[in-house]
Amino acid sequence: MNRLFWRFALLVLLAIALGSCVIYITFSRLFGDPLEHIARDQAAGQIFLLQQYIDKAPADEWLPRLNKVREVSDVTLELEPLSTVLPALPAARRAQLLQGAVVMDVGGKAFYRRVDGTGARYAGSEDDVIHAQNLPIDVGQALRMEAIRFAVIALCLLLPLGWWTRAHGRSLAALSRMADDFGQGDLAARARVNPASSIAPLAGRINDMAERIGSLLEARKHLLLSVSHELRTPIARLEFGLALLAGPHAAGQPDLQRRIDAMGADVEELKTLVNELLSLMQLDHAQDLPRMPFALAPLLRDCASALCGPAQLSTSIAGDLGELRGDPRLLARAVGNLLGNAAKYAVARVALSAVRDGDALRIVIEDDGPGIPAEQREQVFAPFYRLAREHDHAAAGHGLGLAIAARAVALHGGAIAIDDSPLGGARFTICIQP
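A. Structural context of the sheet that holds strand 11 (residues 426–432). If you walk across this open sheet you meet the five strands as 6-8-9-11-10, and the pairing is mixed. Of all the strands in the sheet, the pair left with one neighbour each is strand 6 (312–317) and strand 10 (414–420). Across the sheet, the mean angle separating the axes of adjacent strands is 15 degrees when strand polarity is ignored. Bridge count for strand 10 against strand 11 is seven bridges, and the pairing is antiparallel. Bridging from a neighbouring strand, D419 pairs with R427 of strand 11. Docked against the sheet, helix 11 (residues 328–345) engages strand 6, strand 8 (349–357), strand 9 (360–367), strand 10 and strand 11, running at close to 25 degrees with respect to strand 9. Contacts between helix 13 (residues 401–411) and the sheet are confined to strand 10 and strand 11, with strand 10 contributing the most and set at about 135 degrees to the helix.

Have a look at this one:
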């Protein structure tokens, strides 16, 4: 809310400042400089004294009255040659002075006016100018009054704006919390917004969308769970039947034994698929996981020792990895899946390394296989996704291992990145920030 308010407040203040500048420029063009009008109003008494007392005197009394005013007034009244004053004035002011008008000098707190244009006051009076100085002009006071006026206007605008942004900010915060909770797997999360809020219609539509998404995800979850559980029953029956066939009936019949072994392998593959589906469903709907401290280095060494295959495995596990809070079984599953994936596609080499980079843990698994095209590196973490190439169809698997690994790492607060390995194949980097 504070950020929203201060952004609006800055816009309001800038708008007021811009409006003030526009008003000043417009008034200056249409009616003259407003500051000069203020100075003329503040010097109105001296101008009135000059025009109604001194100028009303007969010709022979004009100078004596000027001297009387000099004696009793704090204002300095000097007679200066017209030829000296004209060069000091702007061109527009010169014309006004020559026509007999009072020309204000706001900065100097003074004004100029010709004595007369005909020489009727005294000999040579047409060539003299009255220069009144030390006038009681205080433009700063007028500017301070204007500043107070605009401050009051700004305050009257910002108070209701602050009230509105406070209510609006609460609604936005509720919407943001709902989005965070929903994104973390809480499908029951909904935005609770005051019906009078300006974003209530948006919150309602987002709640409706969340309701539909939640229904779809729940239906998908129940479907996969039901299918997985229902598959276990026929798989168990197949295993039992194969166990019976593998008894004395298969003795001395190599062809039958090979078929039984092939069917057994297929059943094992189905069991693996069902177990991986169930594991993926559990991870997809897990909002949190049990957290316990465990040592990283022994876990990674166990994962490396469990790797099977013809590829040569090289390890470089730092001794200062320390501990991580989480589920060791789940993290070991993720690392094991990545190592198994690397071993399936490697030509001869697989490498595992782990280091601490400040607070972050980096686990790197790479191979010298065909690699993964850059445009498909995000897609390989999707369930059942397999690259359309011969290597992938030749390798066993269902496209669930990387999906399970990515979800397991995400539950530990990390992510998996893919790039090219110096060995020639793909490099998977697990980065976990505790």
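So much for the structure itself; the text now carries on.
B. Fine view of helix 11. Look at helix 11: 26 Å from first C-alpha to last across 18 residues, which is about the 26 Å you get at 1.5 Å a residue. Buried within helix 11 are the following residues: L330, L331, A334, V335, N337, L338, L339, N341, A342, A343 and Y345. You can read the cap of helix 11 off the contacts: a side-chain oxygen lies 3.1 Å from the backbone nitrogen of R329, and it is on D327.

C. Focus on a nonpolar patch on the surface. Taken together, the side chains of I23, F27, L30 and F31 define a hydrophobic patch exposed on the protein surface, amounting to about 430 Å² of accessible area. Along the chain, F27 falls in helix 1 (residues 2–31). When its relative accessible area of 41% is taken as the criterion, F27 is described as partly exposed.

D. The arrangement of the side chain of R377 in detail. In this structure, R377 sits in the loop between strand 9 and helix 12 (390–394). Among all residues touching R377, those that are not within four sequence positions of it are I372, I418, D419 and D420.

E. Representation of the pattern of salt bridges. Tallying each qualifying case throughout the model produces eleven salt bridges. A salt bridge links E36 to R93, with the nearest nitrogen and oxygen atoms 2.5 Å apart. Placement of the pair is E36 in helix 2 (residues 34–42) and R93 in helix 6 (residues 91–98), with a sequence separation of 57 residues. Residue E36 is classed as buried on the basis of its relative accessible area of 14%. A relative accessible area of 22% places R93 in the partly exposed class. The salt bridge involving R377 is made with D420; its shortest N-O contact spans 2.5 Å. Highlighted residues: R377 in the loop between strand 9 and helix 12 and D420 in strand 10, separated in sequence by 43 residues. Among the charged side chains, a salt-bridge network with shared partners connects E36, R40 and R93.

Cut-offs applied
Residues numbered from 1 in each chain as written. Predicted model: local features only at pLDDT ≥ 70, side-chain atom pairs only at ≥ 80, totals over all residues. Heavy atoms only, no water. Pairing = 2+ DSSP bridges. Helix = DSSP H or I, 4+ residues; strand = E, 2+ residues; numbered from the N terminus. Axes fitted to C-alpha atoms, helices over the stretch in contact; angles between N-to-C directions. Contact = heavy atoms within 4.5 Å. Expected span 1.5 Å × (residues − 1). Buried < 20%, exposed > 50% of the residue type's maximum accessible area, 1.4 Å probe, protein only. Polar contact = N/O pair within 3.5 Å; in protein donor to acceptor, adjacent residues only side chain to side chain. Patch = residues over 30% accessible without salt bridge, like charges linked within 9 Å, V, L, I, M, F, W, Y side chains within 5 Å. Areas by Shrake-Rupley, 256 points an atom, 1.4 Å probe, with all protein chains shown as cover. Salt bridge = Lys/Arg side-chain N within 4 Å of Asp/Glu carboxyl O.

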